[in-house]
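Below, each chain spelled out in residue letters.
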Amino acid sequence: MKILVCMKQVPQKDAPLKLNESGTWIREDVSYEVNEPDAYALEEALRQKEKHGGEVVVITSGPARAQQVLREALAKGADRAIHLEDAAFVGLDALNTARAFAAAIKDEQFDLIFTGLQSDDYGYAQTGVVLAELLGWPHATIIMQIEKNEGGIRVKRELEAGFFQFVDMPLPAVLTIQSGINKLRYATLIGIKQAKNKPLRKVSMSEVQSALSANLQTIERLYVPQKTKQTQFLEGPASEVAKKLVDKLRNEVRVL
Amino acid sequence: MATITALPTAKVPGGSFLIEGCPPESTFTPEDFTEQHNLIAQTAEEFVLNEIIPNIEKMEHKEPFLLRELVKKAGDLGLSAVDTPEAYGGLQMDKVTSAIIADRLARYAGFSATWGAHTCIGTLPIVYFGTEEQKKKYLPGLASGQMVGAYALSESSSASDALNCRARAELSPDGKHYILNGEKMWITNAGFADLFTVFAKVNGEKFTAFLIERSFPGFSIGAEEHKMGIRGSSTCPLILTDCKVPVENVLGEIGKGHHIAFNVLNVGRFKLGAGCVGSARYCIELSIAYAKQRKAFGKVIADFGLIREKLANMAVGIFTGEAMAYRTVGMMDAAIAGLGESYVTDMPAVRKVIDEYAIECSILKVWGSELVDFVVDEMVQIYGGYGFVEEYPAELAYRDSRVNRIFEGTNEINRLVITGFLLKRAMSGQLPLMPAIKKLMDEVLSGAAADDEGDDSFVEERKLVASAKKIGLFAAGIASQKYMQAIQDQQEIMAAIADMVIETYAMESAVLRAQKLAARNGEAESKLAIAMTRVYLAGAIERIESNARKVIAAVAEGDMLRTQMAVVRRLGKHEPFNTVGLRQDIAQRVIEAGKYVIA
């Protein structure tokens, strides 16, 4: 099976975030890591390849720093990588990101495309689904398990309240993978060393520009919530405090 | 293909930092890590997080087989193969990578001591001194962690003076074996290691190394020691009772065991130094987390100046320690890269490169072990009463840290090594120390010459480093004039000179790193690094002056004493930094970040 894994570089979970000057996103000077669900998607792709043979290709978009995500994937066992390299990719909405990916892989024939369920930064959970629509492929989300069968694949989806759903799907298909469905492997030192020599194709913005249009979704303003809680101490004997309290609850907070 | 990553720079002679300036561009810093270095650091960190930390309790109680299993797991990831040539199952990567792994694995000393003994002193004697057959037979197993290595030099009555060992080896009548008798003490990994590099004297005279497999007849292991710290690791004596060692297991030449003993320790020392910095980085994280949640007088203790001062001092130490450690391995890699392709096969040449930096390796060992001891002490203090009980991590860190000042050569021995090697290199002409001292003496007598000040904002910092070098050279010059060769017997003077050398290296490394950062990211973005550098410089220059005064007071008297003290005062003259304010800023930033950061 030939599997494409879409990966994203996101700010580290515990990284303190600062807003950029225009107040539309965070500042670049933060530590980054692989988007967690994407790491599970990669692991699942590598396991499928180990079981059924084939190829694992990883793709990401973003500035030069995003390449670290691809190197890590190559070190863990992906065969080759595609990097849509431009800082401008960071600002694309899910539709445009999916269009850019679709344009970058138009000459490839994949059996499966995996994405993480959602990204830890924007959290849209849309890119994979939109990509499937653009390609005209079926998709399934929140995948917990993938079994190859005669006609295609059988996948297990996580529903609410502990329910699961099994779906039979034809190939090719797009799956969005849930975190925790497998145990992540380490990038071994030998893998890291070999990753240096694996092919990494760079795609510039101009190569995919014609597939894109203006963002349908934009972030107008990002802000840190203001702390508005205030504490007041009511003083005096209990009977007076009770009176003041009732007065406040009735006239200021208006809950009585 | 083998991998060496080095900045394109000429080889820097070991110890030359004392007399020459060093451009920041050719200094390796943690900010120069490649993508590959970062990935390796990440693998090591994940390994510690997933495999080591959850098992600490079990390791502390010496759960059977666990430690060995973890050494194997580390081997599976390639973490133990970095210094071993590819031809023998290794990865042969650069020394920066070696240091990064030592640094990142140091979170739990019980494991890192085990891993360090295995990969370093347990493996490298064969890498550097083994015959082709010995390398083929043992290195693949050691690199993969199938086999665990150990190193047996100390005895109950000889440790720092290892050459006085009593273990003996006699050739068997048929000439096929050496028969070894004696004991060895404090052998890390002894409880489960498979292969031991053991030192003994052939016929009671010729100090020689032997490779002894655990199963050799006459070889046995004594009881586990009950140690103050690193309890997760195994430490036992070895007992050799007519132990039969095949002659082909002699390592290196008969009578040349000291080459092996000392060379291998150099590598051990730079890795130990890097590991100490790694442990300190972990300790500050825990300390900050505690200080942010513990309340006193109605606010968290992280808000109090005296706690903030401790956290700032920890961060300053880590910044400086990283600068020193990676500068040193960067110099090694540059020198190894200079060997061309021959570094792949020519192990004696690689060994010589590492020998070249014996002074820097000893500096890292001493400075790093004293940094982490300082950090754990302050950590206990921040935790207060909770720091004194086992349920909290400060107690373990405090006990685990102490041995770093003892093993791999005590800090006292290493101080003597630093000054001794410098003098040796000076005498042999490898390092033009004496001309530098003479030039300084002339300069001092004629009134100080103006230095090249440059026009960037690091003028003050560079001036302080230049002052440090001058004060050190001045005091060393006066002492060597007085004692000549006999200075070797003046241990207090030797150590005071070593301390000045160590501080100079630390100061310069911090400044070079801050300069490089500022050149890359701009000064505004490097504010924190500059603040940490300044705080370090302010303390270090005072320690250097104090050591210089100590030396001069011991060797001069009367008018001469007064004149020379005046010279030290003049050389050390500087505008003080506001270290209270700087520490406040540093503390504010690391508290916000919840960990050590440089920006």
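Fair warning: this is a prediction, and the values are worked out from it, not measured in the lab.

## Describing the overall build of chain A
The helix and strand inventory of chain A stands at seven helices and eleven strands. The principal-axis extent of the C-alpha atoms belonging to chain A is close to 80 × 45 × 40 Å. Residues counted as buried form 44% of the 256 residues belonging to chain A. Element-wise, carbon and sulfur atoms account for 51% of the exposed surface of chain A, whose accessible area totals about 13,800 Å². Taking the average place of the 33 positive charges on the side chains of chain A and the average place of its 33 negative ones, the gap between the two points comes to 3 Å.

## Considerations on the overall build of chain B
Along the backbone of chain B there are 19 helices and ten strands. For 599 residues, the compact-globule estimate of 2.2 N^0.38 gives 25 Å, and the C-alpha radius of gyration of chain B, at 24 Å, lies within 12% of that figure. Over its C-alpha atoms, taken along the principal directions, chain B stretches across nearly 75 × 60 × 45 Å. Counting all 599 residues of chain B, 61% fall into the buried class. Look at the contacts in chain B between residues 6 or more apart in sequence, and 77% of them connect residues 24 or more apart. When the accessible surface of chain B is split by element, carbon and sulfur atoms take 55% of a total near 23,500 Å². For chain B, the distance from the average site of its 64 positive side-chain charges to the average site of its 75 negative ones is 2 Å.

## Points about the pairing of strand 1 (residues 149–152) of chain B
All names here are of chain B. Side chains Gly149 and Tyr151 project from strand 1 onto one buried face, and the interleaved Ala150 and Ala152 project onto a second face that is buried too. Of the strand pairs in this sheet, strand 1 and strand 4 (residues 195–202) are connected by four bridges, and their pairing is parallel. By the bridge assignment for strand 4, Tyr151 is matched with Thr197.

## Some thoughts on the domain arrangement of chain B
All names here are of chain B. Partitioning chain B into domains gives domain 1 (16–148), domain 2 (151–255), domain 3 (258–411) and domain 4 (415–592). Just the C-alpha atoms count here: the centres of domain 2 and domain 3 sit 30 Å apart. Counting residues at the interface gives 14 residues for domain 2, matched by twelve residues for domain 3. For the pair domain 2 and domain 3, the summed buried area comes to about 1,000 Å², and 70% of that belongs to carbon and sulfur atoms. The three residues of domain 2 that bury the most area against domain 3 are Tyr151, Met228 and Ile230, which together make up 41% of that side's buried surface. Where domain 2 meets domain 3, there are three residue pairs in polar contact (both at pLDDT 80 or more). Broken down by class, the residue content of the side of domain 2 that touches domain 3 amounts to nine nonpolar, four polar and one charged.

## Re the interface of chain A and chain B
If you look at the interface, chain A gives 17 residues, while chain B gives 27 residues. Of the roughly 1,800 Å² buried between chain A and chain B, counting both surfaces, carbon and sulfur atoms make up 54%. When the buried surface of chain A facing chain B is broken down by residue, Tyr186(A), Leu189(A) and Lys193(A) rank first, second and third, together holding 43% of it. Glu86(B) is the partner of Lys193(A) in a salt bridge, and the nearest nitrogen-oxygen pair spans 2.8 Å. On the surface where chain A and chain B come into contact, there are nine residue pairs in polar contact (both at pLDDT 80 or more). Mapped by element, the contributors of at least two residues to the side of chain A that touches chain B are helix 2 (67–76) and helix 5 (189–195) of chain A. Its residues assigned to classes, the side of chain A that touches chain B shows six nonpolar, four polar and seven charged.

## Some points on empty space enclosed by the protein
Scanning the model with the defined rule gives eight cavities of 30 Å³ or more in all. In this model, the largest cavity occupies a volume close to 490 Å³. Around the largest cavity, the lining is made up of 37 residues, and of these Lys8(A), Thr97(A), Ser119(A), Asp121(A) and Thr127(A) lie nearest the centre. Among the secondary structure elements, those contributing two or more residues to the lining of the largest cavity are strand 2 (9–11), strand 4 (55–62), helix 3 (94–104), strand 6 (112–116) and helix 4 (127–135) of chain A. Of the residues in the lining of the largest cavity, the class split is 17 nonpolar, 14 polar and six charged. By volume, the second largest cavity is sized at about 130 Å³. As for the second largest cavity, its lining consists of 17 residues, and the residues nearest its centre are Leu433(B), Gly472(B), Leu473(B), Ala476(B) and Ile497(B). Contributing elements (two or more residues each) for the lining of the second largest cavity: helix 13 (411–427), helix 14 (433–445), helix 15 (459–483) and helix 16 (491–521) of chain B. Take the lining of the second largest cavity: its biggest share by element is six residues, from helix 15 of chain B. Considering only residue class, the lining of the second largest cavity consists of twelve nonpolar, four polar and one charged.

## A word on the environment of Lys469(B)
Residue and element names in this part refer to chain B. Topologically, Lys469 is positioned in helix 15. Here the alpha-carbon distance between Lys469 and Ser401, two residues 68 residues apart in the chain, equals 30 Å. For Lys469, the residues in contact, after removing those within four places along its chain, are Phe17, Leu18, Glu20, Gly21, Thr504 and Glu508.

## Some words on the sheet that holds strand 1 (residues 2–6) of chain A
Residue and element names in this part refer to chain A. One open sheet holds the nine strands; their spatial order is 9-8-7-10-6-1-4-5-11, and the pairing between them is mixed. Where the open sheet ends on each side, the last strands, each with one partner, are strand 9 (164–170) and strand 11 (200–203). Between one strand axis and the next, the sheet turns through 35° on average, direction left out of account. Where strand 5 (residues 80–85) and strand 11 come together, four bridges link them in parallel fashion. Directly across from Ile82, in strand 11, lies its bridge partner Arg201. Strand contacts of helix 1 (residues 36–52): strand 1, strand 4, strand 6, strand 7 (139–148) and strand 10 (173–177), with the helix running at about 150° to strand 6, the strand carrying the most contacts. The strands touched by helix 3 are strand 1, strand 4, strand 5 and strand 11; relative to strand 4, the strand with the most contacts, the crossing angle is about 135°.

## Overview of the nonpolar core
Buried together is how nonpolar side chains tend to be arranged in soluble globular proteins. Counting 161 residues, the largest nonpolar core has Phe474(B) and Met507(B) as its most contacted members. No other element matches helix 8 (residues 257–293) of chain B, which puts 18 residues into this core. With residues up to four places along the chain from it excluded, the contact list for Phe474(B) reads Leu440(B), Met441(B), Val444(B), Ile552(B), Gln564(B), Val567(B), Val568(B) and Leu571(B). Counting residues in hydrophobic clusters, the runner-up holds 89 residues, among them Ala41(A), Leu74(A), Tyr186(A) and Leu39(B).

## With respect to the packing of helix 15 of chain B against helix 16 of chain B
Residue and element names in this part refer to chain B. Between helix 15 and helix 16, whose axes approach to 9 Å, the crossing angle comes to 160°. In terms of axis orientation, helix 15 runs roughly antiparallel to helix 16. Crossing angle aside, the handedness with which helix 15 passes helix 16 is left-handed. Residues Glu461, Arg462, Leu464, Val465, Ala468, Lys469, Ile471, Gly472, Ala475, Ala476, Ala479 and Tyr483 of helix 15 touch helix 16, and the partners they reach there are Ile493, Ile497, Met500, Thr504, Met507, Glu508, Val511 and Gln515. Each residue belonging to the contact of helix 15 with helix 16 can be placed in one class, and the counts come to 13 nonpolar, three polar and four charged.

## Focus: helix 1 of chain A
Residue and element names in this part refer to chain A. Between its first and last C-alpha, helix 1 extends 25 Å over 17 residues, near the 24 Å set by a 1.5 Å rise per residue. The set of residues buried in helix 1 consists of Pro37, Asp38, Ala39, Tyr40, Ala41, Leu42, Glu43, Glu44, Ala45, Leu46 and Gln48. Just downstream of helix 1 lies Gly53, where phi reads positive at about 75°.

Parameters at a glance
- Residues numbered from 1 in each chain as written.
- Chains lettered and ligands numbered in written order.
- Predicted model: local features only at pLDDT ≥ 70, side-chain atom pairs only at ≥ 80, totals over all residues.
- Heavy atoms only, no water.
- Helix = DSSP H or I, 4+ residues; strand = E, 2+ residues; numbered from the N terminus.
- Buried < 20%, exposed > 50% of the residue type's maximum accessible area, 1.4 Å probe, protein only.
- Areas by Shrake-Rupley, 256 points an atom, 1.4 Å probe, with all protein chains shown as cover.
- Lys, Arg positive; Asp, Glu negative; His and termini not counted.
- Charge placed at Lys NZ, Arg CZ, Asp CG, Glu CD.
- Rg over C-alpha atoms; globule rule 2.2 N^0.38 Å.
- Contact = heavy atoms within 4.5 Å.
- Pairing = 2+ DSSP bridges.
- Domains from an automatic or database assignment.
- Buried area = accessible area lost by both parts, 1.4 Å probe.
- Polar contact = N/O pair within 3.5 Å; in protein donor to acceptor, adjacent residues only side chain to side chain.
- Nonpolar A, V, L, I, M, F, W, Y, C, P; charged D, E, K, R; others polar.
- Salt bridge = Lys/Arg side-chain N within 4 Å of Asp/Glu carboxyl O.
- 1 Å grid on protein atoms, 1.4 Å probe; cavity = no way out; pocket = protein on both sides within 12 Å on 5 of 7 lines; lining within 4 Å.
- Points joined across faces, edges and corners; volume = space filled by probe spheres on them.
- Axes fitted to C-alpha atoms, helices over the stretch in contact; angles between N-to-C directions.
- Core = buried A, V, L, I, M, F, W, Y, C linked by side-chain atoms within 4.5 Å.
- Parallel < 35°, antiparallel > 145°, perpendicular 65-115°, else oblique.
- Left-handed = near helix turned anticlockwise from the far one by under 90°.
- Expected span 1.5 Å × (residues − 1).

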